[in-house]
Amino acid sequence: ISSLKGKLLFRANSYDEAEKKFRLAIEFGKEIRDKKLAEQIIDGSYINIASIAFQLQKYDVALDSYYKGFNSPDKVNKIVSSINMAEIFLMKNKLDSANKYFQFAEQNIPIISEKELISYLDNSLKGSKIIYDIKRGDYNKAINNLKNIQGTSVNYTREELLGMSYAKIGNRDSSIFYFQKN
């Protein structure tokens, strides 16, 4: 229940109260005898705490909590944490570190059995990798990947990213087209 309340408070932007609920969920998880359930509650709560830190732009705190989720035996928590850590490393311009976690997610997403979850994680990964390609200067790859994705999990729309990429390779007309489309 603490975890559910934490998610509701997070959505209401009550970050301090949400974090308290997630920390309660962690303590509760430590008391659960079913090891798998306990790990899901604890690791999921760390990921939620990391999301709060990310929203508050406390990126080092977010990385620390995402790393706890990454060390989870639960494959979904590992993948979610790896994508989020890669996004933070991108923001810090640590491209090698970002790529390490992108590669982990790419290799492990196909292992998950739930179709809807695979689709969500795959689109999240693709959106973040597009930012990676742009920061690396591989604008043509970013353009090709953007044309094959419905949305991104990052703070830009698909059209903004296409506009930026076309601008970087000097294609003014396409750049303007996508910025105006946005």
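Whatever comes next refers back to the structure up there.
Bear in mind that the values here come from a model prediction, so they are computed numbers and not experimental data.

Reading the values: rules and limits
- Residues numbered from 1 in each chain as written.
- Predicted model: local features only at pLDDT ≥ 70, side-chain atom pairs only at ≥ 80, totals over all residues.
- Heavy atoms only, no water.
- Helix = DSSP H or I, 4+ residues; strand = E, 2+ residues; numbered from the N terminus.
- Core = buried A, V, L, I, M, F, W, Y, C linked by side-chain atoms within 4.5 Å.
- Buried < 20%, exposed > 50% of the residue type's maximum accessible area, 1.4 Å probe, protein only.
- Contact = heavy atoms within 4.5 Å.

Asks: Outline unusual backbone geometry, supporting the account with residue identities and numerical values.
Replies: Trans peptide bonds make up the majority, and among non-glycine residues the majority have a negative phi. The phi torsion at Gln-57 lies on the positive side, around 60°, for a residue other than glycine. By the secondary structure assignment, Gln-57 is in the loop between α3 (35–55) and α4 (59–70). Its identity as a non-glycine residue notwithstanding, Asn-93 has a phi of 60°, on the positive side. The residue Asn-93 is located in the loop between α5 (75–91) and α6 (95–108) in this model.

Asks: Can you explain the nonpolar core? Please cite residues and give values.
Replies: Judged by nonpolar contacts, the single largest core of 26 residues is most densely connected at Tyr-66, Ile-79, Met-85, Leu-90, Ala-98 and Phe-102. If you list the elements that add at least two residues to this core, you get α3, α4, α5, α6 and α7 (115–136). The element that contributes the greatest number of residues to this core is α5, accounting for 7 residues. With sequence-adjacent residues up to four places away left out, Phe-102 is seen in contact with Ala-86, Leu-90, Leu-125, Ser-128, Lys-129 and Tyr-132.

Asks: Talk me through the environment of Asp-173; I want residue IDs and the actual numbers.
Replies: Topologically, Asp-173 is positioned in helix α10 (residues 172–181). Residue classification places Asp-173 among the exposed positions, given a relative accessible area of 61%.

Everything listed is a geometric property; what it means functionally is a separate question.
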